[in-house]
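One-letter residues, chain by chain:
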Amino acid sequence: MTCPDAREQLSALIDDALGAEERGAVEAHLATCAECRRELERLRDTVALLRAVEPARAPAGFVDRVLEAARPAPWPRRLVRALLLPWPVKLPVEAAAIVLVAVGVAYVFQATQGLQQARHLGSVQPMTTASDQAAPAPPSQDAAREAPPTPGAARAKQTARTLEGARQNKEQAPGQKALEKSASEKETPEKKGAPTSQAFSEAAQHKDADERRAKLDDASRDVAKRQANAPPATPAEPQVAGKLEESPARAERSQEAAAARARSSAAPASEPRVDTLQAPRPAATPPMATAFVPPDVSGRLAVANRDAALQDLARLLARLGGVEDRRFVGDEGPIIELTIPREAYPDLLRELAALGRWQLIREAPALPEKIRVVLRITS
Amino acid sequence: MIAHQHRVFGVALRMLGSRAEAEEAAQEVFLRAHRAIADFRGDAKLSTWLYAIASRLCLNRLASGERRLLREGEETLARIPSGHASPADELERSERDAALHRAIAELSDERRLVVVLRDLEGLSYEEIAAALDLELGTVRSRLHRARLDLKEKLERFLP
């Protein structure tokens, strides 16, 4: 074995990492080579120096810190991290998402409210017209259902409610339209989802409008017919109207009010209605549902002395089996609503003609068993 | 972990040179071991497995290039002065330790790692070969070259 070969094995010799054969060969060389023995000693000393180095010690608390790092964070903190980190990226995205959802919710809410208002509008707004004009209140389905037959308090309450609703509608309608307009102008992502509800809302409004128009036409025809037949005999709400007028302007307004009423009413205009004058009711408290059914007969009796004529009329009714239902105070004189049996009707006409200047204004083609008559007594 | 923390930290300290970086690396070693515990084969010693992880991690850090920290040795090894030594002995010991640390730090990464594992941590050739995934002959050769380098640099401190 040469010196370089032997020196290559010196570290392994020190570490006792040589096989028996290699070890024997190296030791044989060392026995003969003082230089290599010296080299072995220097190497041993170097290794001794290395092995004398104090072992390093991990800093205090190292294990705890490792365990802390290895332990999963509590779930709230993990959730917050997952949601917010890295916050420069996630925060704006999340804020934008929240705003988007909020806008979407507001839009859908407004659209739905608009829909409700569109329906509400159809039934309430015409009532405003009627109420504002202090015209006879129309019988609507709702009103007919809600209003008790007689109590005036309920009537007043309902009128107040109607006015209130109408006011709200007036206030809300423009805002709603503006909102819908602005919403339709906006090019927002959620608009893609919105047209359905918007279109629905518009369609509903159109439908309502169409229905209202159709009803208006029906009602107009109906009312026009009735007005043509019996212009002076429009029943009135005493506590609202106070008195009946017979002027053409008044008749016109009544017609408008009737049309408006028909618009508001969900029931067909031709449907039979509760008749104000059919059943005797206290004059002061006619319910809302008892309006605008013309009497069978109406006419004007011009007399010299009204009081005497009224007394004569009372006696006449008593004789003929008639009943005075109510009495109003009109511009030109008292207005009497009465019911009389059909068989006594010719006598009534004859006697009225005897009382004064009698003018028959309207007479129904087919007279019922009990004929309702409205008399306007003028001087 | 308590049993192995000083060994792993020691390897990291001698390889990386700073206590702060060594602690960070040692912590990373244990976290990796924790995550990869399923890969641990029972036929190897746990310590050898941890040394293997620590060795790879340190070599990777050293190879990443952005760091060539001070390896002057003033903090690479814990120097516990002997209470019975004279001031002169203390001075000589201090100088020797400084020279030793510098010499170790100046070794190439591969040689330093082998000499640390063998002479400071006491692993056998076989364990080093297993940890570093090297041939036994390579381990022997690298270790011998490392020791020869150190012998040259520490010549004046040898008896």
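Residues numbered from 1 in each chain as written. Chains lettered and ligands numbered in written order. Predicted model: local features only at pLDDT ≥ 70, side-chain atom pairs only at ≥ 80, totals over all residues. Heavy atoms only, no water.

Visitor: If you had to explain the interface of chain B and chain A to someone new, which residues and values would you point to?
Guide: The partner chain A presents 32 residues to the 40 residues of chain B that form the contact. Taken together, the two surfaces of chain B and chain A that pack against each other cover about 3,400 Å², and 61% of this comes from carbon and sulfur. When residues of chain B are sorted by the area they lose upon contact with chain A, R140, H144 and R147 of chain B head the list and together hold 17% of the total. If you look at where chain B meets chain A, you find 8 salt bridges. (Contact = heavy atoms within 4.5 Å. Buried area = accessible area lost by both parts, 1.4 Å probe. Salt bridge = Lys/Arg side-chain N within 4 Å of Asp/Glu carboxyl O.)

Visitor: Lay out the nonpolar core in plain terms, naming residues and giving numbers.
Guide: In globular proteins that are soluble, nonpolar side chains generally tend to be buried together. Counting 64 residues, the largest nonpolar core has V115, L117, L150 and L154 of chain B as its most contacted members. Tallying contributions element by element places helix α3 (residues 46–63) of chain B first for this core, with 9 residues. Residues L310, L313, L338 and L352 of chain A belong to the second largest nonpolar core, which totals 21 residues. (Core = buried A, V, L, I, M, F, W, Y, C linked by side-chain atoms within 4.5 Å. Buried < 20%, exposed > 50% of the residue type's maximum accessible area, 1.4 Å probe, protein only. Helix = DSSP H or I, 4+ residues; strand = E, 2+ residues; numbered from the N terminus.)

Visitor: Any details on the pattern of salt bridges? Residues and values, ideally.
Guide: Under the definition given, this model contains 30 salt bridges over all chains. Ionic pairing is found between E127 of chain B and K45 of chain B, a salt bridge with its closest N-O pair at 2.9 Å. One end of the pair, E127 of chain B, is in helix α6 (residues 125–132); the other, K45 of chain B, is in the loop between α2 (19–35) and α3, with 82 residues separating them in the sequence. It is possible to trace a salt-bridge network through shared partners that takes in D15 and R51 of chain A together with R118, D119 and R147 of chain B.

Visitor: Residues and numbers for the pairing of strand β3 (residues 334–341) of chain A, please.
Guide: Residue and element names in this part refer to chain A. Among the 8 residues in β3, 8 count as buried, and that is most of the element. Residues of β3 alternate between two faces, with P334, I336, L338 and I340 on one and I335, E337, T339 and P341 on the opposite face, all of them buried. Note: strand β2 (residues 323–329) against β3, 6 bridges, orientation antiparallel. If you follow F328 over to β3, its bridge partner there is I335. The hairpin formed by β2 and β3 contains 4 residues between the paired strands, and G333 there has a positive phi angle of roughly 155 degrees. Sheet topology places β3 next to strand β5 (residues 370–378); 7 bridges connect them, and they run antiparallel. Residue pairing across strands places I335 opposite R376, the latter belonging to β5. (Pairing = 2+ DSSP bridges.)

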